[in-house]
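# Structure at a glance
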Amino acid sequence: MFDAPSIIRTKRDGGVLADAAIDWVIDGYTRGAVADEQMSALLMAIFLRGMTSAEITRWTAAMIDSGERFDFGDLGRPTVDKHSTGGVGDKITIPLVPVVLACGAAVPQAAGRGLGHTGGTLDKLESIAGFTAELSKAQIRGQLAGVGAAIFAAGELAPADRKIYALRDITATTESLPLIASSVMSKKLAEGASSLVLDVKVGKGAFLKTEAESRELAATMVELGNASGVPTRALLTDMNRPLGRTVGNALEVAESLEVLAGGGPDDVVELTVALAVEMLATAGIEDVDPARTLNDGTAMDRFRELVAAQGGDLTAPLPIGAHAETVTAGAGGVMGDIDAMSVAMAAWRLGAGRAAPGQPVQFGAGVRIHRRPGDPVAAGETLFTLYTDTPERVAPALAELDGGWSVGTQPPRIGPLIIDRIG
């Protein structure tokens, strides 16, 4: 028989947790038999002491077993999913799902809401009038069989992870590699897709700041997926500066619609197409060009069908914050680098994100970036526009943005968006 203090003590002292101990503590916490205080202590011990590969594998399996595991093997076409470790302006799921769908794969996409500085895909999509992500298992299956894709709240998938994730955010244990890997993969493996592609972020706006850490995380998750019989690969992608020109909820939906219409920022298009190529390859779909679906309108058609199936109305105007404030250039020159974390924190201060689970967000809050790194800038030109429904939030947002950008005489050095491929 196990008890929480003994398990905490084992990990606190650098020991390895037995499989049965991991099963017991995950089950106990899910049922409420292990207290928040005890799980908090264990999470901190894991944060400080780490986990072996075997521990991470068992921890992930125990979280999967805490709830349902979907199976879409009878759909008649390959299913593939994508997960991002969280970034700034990372709206890629919105154009990516219909692109992959238009190329012949089915996409069961469990997504989350934002917490802390990273925006949540569901918050963005729920800024569309009527859109709901709260789908039952029967609704998900029916939509996959009909439309071919569903973007839904994880719900009954890995309920242990839902509780632990919320606890990690308020106990400063978010940036633990074993806990990130097991959190991501428990939901994704429970989701039932036959293959998986990961977008692992590197840089200032990522949870893990160094390439070495992100590379280790990617390799760990790829190993977890492949060991579970789900072909998995990962791209390491740059998150030192925001993706695209918008950070927020409705702002990012509007930009995604530009991409689906054949336009939009180059980096958003590049990453959308690159991830689509990987997803289609793992799904065994060849001789298709995902970029073509953006230019010929088929991806936009699939997105309209997806949104309509989930109650959304794309003809209704997207919300925008009632109060706008601009940041202008004091002198002309060249736009320097833009710090992703500064922009993310500004958007969060404006109301685009939440400080605790369950808090409402402002769908119309966020930051529009008018000049990207390397763009020419004229004196007095608008560089950023900040939107919010609560004007008192502007000053704290401006303080977050201050120091996160510059205008100089030389363009900044910008490395590749896609750093490497793992798996």
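Since the model is a prediction, treat every value here as computed from it, not as a measurement.

### Concerning the sheet that holds strand 1 (residues 80-84)
- Here we have four strands laid out as an open sheet, ordered 1-4-5-13, and mixed in their pairing. Sheet topology places strand 1 and strand 13 (418-422) at the edges, where each strand pairs with a single neighbour. Taking each pair of neighbouring strands and ignoring which way they run, the sheet shows an average axis angle of 15°.
- Relative to strand 13, strand 5 (residues 232-238) runs antiparallel, the two sharing four bridges. Bridging from a neighbouring strand, Leu 236 pairs with Asp 420 of strand 13.
- Packing of helix 10 (residues 211-227) onto the sheet brings it into contact with strand 4 (195-202), strand 5 and strand 13, and relative to strand 5 it is tilted by some 160°.
- Here helix 12 (residues 266-282) sits on the sheet and contacts strand 1, strand 4, strand 5 and strand 13; the angle it forms with strand 4, its principal contact strand, is near 150°.

### Here's the deal with the UniProt feature "domain: Pyrimidine nucleoside phosphorylase C-terminal" (unreviewed entry) in the protein chain
- On the UniProt side, "domain: Pyrimidine nucleoside phosphorylase C-terminal" (unreviewed entry) is annotated at positions that read residues 334-408 here.
- In this annotation, residues 334-408 is assigned 25% helix and 23% strand; the end-to-end C-alpha distance for the span is 5 Å.

### Considerations on the domain arrangement of the protein chain
- When its domains are assigned, the protein chain resolves into domain 1 (4-50), domain 2 (80-310) and domain 3 (323-408).
- Look at where the C-alpha atoms of domain 1 and domain 2 centre, and you get two points 30 Å apart.
- At the junction of the two partners, domain 1 supplies 12 residues and domain 2 supplies 13 residues.
- For the pair domain 1 and domain 2, the summed buried area comes to about 1100 Å², and 79% of that belongs to carbon and sulfur atoms.
- When the buried area of domain 1 at its contact with domain 2 is split by residue, Tyr 29, Leu 43 and Phe 47 rank highest and sum to 50% of it.
- In this assembly, domain 1 and domain 2 are joined by zero salt bridges.
- Remark: the boundary between domain 1 and domain 2 carries one residue pair in polar contact (both at pLDDT 80 or more).

### What to know about the nonpolar core
- Counting 69 residues, the largest nonpolar core has Val 100, Phe 303, Val 367, Phe 384 and Leu 386 as its most contacted members.
- At eight residues, the largest contribution of residues to this core is made by helix 12.
- Here this core spans two domains, and each of domain 2 (80-310) and domain 3 (323-408) adds at least three residues to it.
- For Val 100, the contacting residues outside a window of four places in its chain are Val 80, Ala 105, Val 107, Ala 276, Met 279 and Leu 280.
- In terms of nonpolar packing, the next biggest core, distinct from the first, is built from 56 residues, Met 39, Val 184, Leu 196 and Leu 236 among them.

### Some remarks on the packing of helix 2 (residues 19-31) against helix 4 (residues 53-64)
- Packing of helix 2 against helix 4 brings their axes to within 9 Å, and their N-to-C directions diverge by 35°. Of the two possible hands of crossing, helix 2 and helix 4 adopt the one that is right-handed. Across the interface between the two elements, Asp 19, Ile 22, Asp 23, Val 25 and Ile 26 of helix 2 pack against Glu 55, Arg 58, Trp 59, Ala 62 and Met 63 of helix 4.
- Among the residues forming the contact of helix 2 with helix 4, the class breakdown is six nonpolar, no polar and four charged.

### Some thoughts on helix 7 (residues 137-146)
- Along helix 7, the positions that sit buried rather than exposed are Ile 140, Gln 143 and Leu 144. For helix 7, the buried positions fall inside an angular range of 100° around the axis, keeping them on one side. The exposed residues of helix 7 that point more than 90 degrees off its buried face are Ala 138, Ala 145 and Gly 146.
- Its buried side turned inward, helix 7 meets strand 2 (107-111), strand 3 (149-153) and helix 14 (298-309).
- A positive backbone phi angle near 105° is found at Gly 148, which sits one or two residues after helix 7.

### Focus on the pattern of salt bridges
- All told, the structure shown has 29 salt bridges when counted by the stated rule.
- In this structure, the salt-bridge partner of Asp 375 is Arg 245, at a minimum N-O distance of 3.8 Å. You can see Asp 375 sitting in the loop between strand 9 (366-369) and strand 10 (376-377) and its partner Arg 245 sitting in the loop between strand 5 and strand 6 (246-248), a full 130 residues away along the chain.
- With relative accessibility at 30%, the residue Arg 245 sits in the partly exposed group.
- Residue Glu 381 is joined to Arg 371 by a salt bridge in which the shortest nitrogen-to-oxygen separation is 2.4 Å. Note that Glu 381 is positioned in the loop between strand 10 and strand 11 (382-388) and Arg 371 in the loop between strand 9 and strand 10, a separation of 10 residues in sequence.
- Put simply, Asp 19, Asp 23 and Arg 58 are held in one network by salt bridges that share partners.

### Observations regarding the packing of aromatic side chains
- Counted by the stated rule, this structure contains four aromatic pairs.
- For the pair Phe 70 and Phe 72, a centre-to-centre distance of 5.7 Å together with 70° between the ring planes defines the contact as edge-to-face.
- Judged by relative accessible area, Phe 72 falls into the buried class, the value being 3%.
- What links up through ring pairs into an aromatic cluster is the set Phe 70, Phe 72 and Phe 152.

### Side note on the layout of surface pockets
- Size it by volume and the largest pocket reaches roughly 1000 Å³.
- As for the largest pocket, its lining consists of 43 residues, and the residues nearest its centre are Ala 111, Gly 112, Arg 113, Tyr 165 and Lys 187.
- Its residues assigned to classes, the lining of the largest pocket shows 14 nonpolar, 18 polar and 11 charged.
- Counting the residues that make up the lining of the largest pocket, at least three belong to each of domain 2 (80-310) and domain 3 (323-408).
- For the second largest pocket, the lining is made up of 13 residues, of which Arg 241, Pro 242, Asp 267, Arg 372 and Ile 414 are closest to its centre.
- Among the residues making up the lining of the second largest pocket, the classes are represented as six nonpolar, two polar and five charged.
- Both domains that meet at the lining of the second largest pocket, namely domain 2 (80-310) and domain 3 (323-408), each give it at least three residues.

Calculation rules
Residues numbered from 1 in each chain as written. Predicted model: local features only at pLDDT ≥ 70, side-chain atom pairs only at ≥ 80, totals over all residues. Heavy atoms only, no water. Pairing = 2+ DSSP bridges. Helix = DSSP H or I, 4+ residues; strand = E, 2+ residues; numbered from the N terminus. Axes fitted to C-alpha atoms, helices over the stretch in contact; angles between N-to-C directions. Contact = heavy atoms within 4.5 Å. UniProt positions renumbered as here; feature names shortened; annotations may be inferred. Domains from an automatic or database assignment. Buried area = accessible area lost by both parts, 1.4 Å probe. Salt bridge = Lys/Arg side-chain N within 4 Å of Asp/Glu carboxyl O. Polar contact = N/O pair within 3.5 Å; in protein donor to acceptor, adjacent residues only side chain to side chain. Core = buried A, V, L, I, M, F, W, Y, C linked by side-chain atoms within 4.5 Å. Buried < 20%, exposed > 50% of the residue type's maximum accessible area, 1.4 Å probe, protein only. Left-handed = near helix turned anticlockwise from the far one by under 90°. Nonpolar A, V, L, I, M, F, W, Y, C, P; charged D, E, K, R; others polar. Arc of directions from axis to C-beta. Phe/Tyr/Trp six-rings, centres within 6.5 Å; stacked < 30°, edge-to-face > 60°. 1 Å grid on protein atoms, 1.4 Å probe; cavity = no way out; pocket = protein on both sides within 12 Å on 5 of 7 lines; lining within 4 Å. Points joined across faces, edges and corners; volume = space filled by probe spheres on them.

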